[in-house]
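The residues making up each chain are set out below.
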Amino acid sequence: IELPDEEGLFELRDVPHGTLTQEFYKSKISDNWEKLIVYLPPCVPSAGLPVLYLQHGFGESEISWSTTGKVNFLMDNLIAAGKIKPFAIVMGNGMVKQRIDGELKLNRALYGQMLVEEILPMIEKKYQFGGSKEKRGMAGLSMGSVQTTRTICDHPDLFSEVGIFSGFIRDNIEGNPDRDAVGRKPYEQTHLKAMDDPDFNNYFHTFFRCIGDNDCRLSRFLEEDAIIQEKGVHEIRKIYPGEHDWNVWRPCFADFAQMIFR
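Residues numbered from 1 in each chain as written. Predicted model: local features only at pLDDT ≥ 70, side-chain atom pairs only at ≥ 80, totals over all residues. Heavy atoms only, no water.

**Regarding unusual backbone geometry**
Phase 1: Even without being a glycine, D101 presents a positive backbone phi close to 50°.
Phase 2: In this structure, S142 is a non-glycine residue whose phi angle is positive, near 50°.
Phase 3: Position of S142 among the secondary structure elements: in the loop between β7 (136-141) and α3 (143-154). (Helix = DSSP H or I, 4+ residues; strand = E, 2+ residues; numbered from the N terminus.)

In structure tokens form, the structure reads like this:
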């Protein structure tokens, strides 16, 4: 059920509109064709813009943020209201299907490697946005938040803005027989060692973590509060009214968008 948007931030308004473009490429990592959606803000050239790499949740795809999430309308309206400076968004398919012995198997743990080694250099060369840590961020919801955390922990030199929506810093998907089609042992959370670096907080301008107050996974989020505190991570933390759905994720993004690339 989609709840009313009292501020109208997600509605189609009479303002300048950005563009949504599909991109396709053959990944050497997954040995499969991959798809991207790129949002470019209105009335400005793409060259020199900051860029946010934005991920969906389990069972969704690269189109989710621009269809159910309405992120393009949100961006158009925030830009028109002068609440944010324009930035581009790249949305990839985190439900990675890897070709193994001729068969396609779900291996969503590959997405971080694909982003860093293939997507980021290819897309930033084509559009001439990003190009530096200061002009690059990553965010995601649910499964996408796990992909985000692992990627920014493994590559803190690449990103300055981090958003974890209805999300988690531990990866409980890899090695989970109910969610992971590639047979392997449970993941040992080695990426969290990056948070022990005394300079970890200096890597990021924004580290935003949030969830709905009726989210079915709230207990796990609260458990991770202790990890955040133990490791001394400086975060912006917020609890929204709602469950594990887009009525929470849209406001999450609206707030996050107004924090980043300042």
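**Side note on the pattern of salt bridges**
Phase 1: This model, assessed by the stated rule, comprises 14 salt bridges.
Phase 2: Residues D171 and R150 are paired through a salt bridge, measuring 2.8 Å at the closest nitrogen-oxygen approach. Of this pair, D171 sits in the loop between β8 (161-165) and β9 (206-212) while R150 is found in helix α3, placing the two residues 21 residues apart along the sequence. Here D171 and R150 have matching classes, each one buried.
Phase 3: Beyond isolated ion pairs, a larger network of salt bridges with shared partners links R108, R150, D171 and E174. (Salt bridge = Lys/Arg side-chain N within 4 Å of Asp/Glu carboxyl O. Buried < 20%, exposed > 50% of the residue type's maximum accessible area, 1.4 Å probe, protein only.)

**Re the sheet that holds β7**
Phase 1: Overall, mixed pairing links the 8 strands, which are arranged β1-β2-β4-β3-β7-β8-β9-β10 in an open sheet. The open sheet terminates on both sides in strands that have one partner only, identified here as β1 (19-27) and β10 (236-240). Going from strand to strand, the sheet's axes swing by 20° on average, the running direction of each strand aside.
Phase 2: Where β7 lies against β8, 5 bridges are found, and the strand directions are parallel. Across the sheet, residue A139 finds its bridge partner in β8, namely G163. (Pairing = 2+ DSSP bridges. Axes fitted to C-alpha atoms, helices over the stretch in contact; angles between N-to-C directions.)

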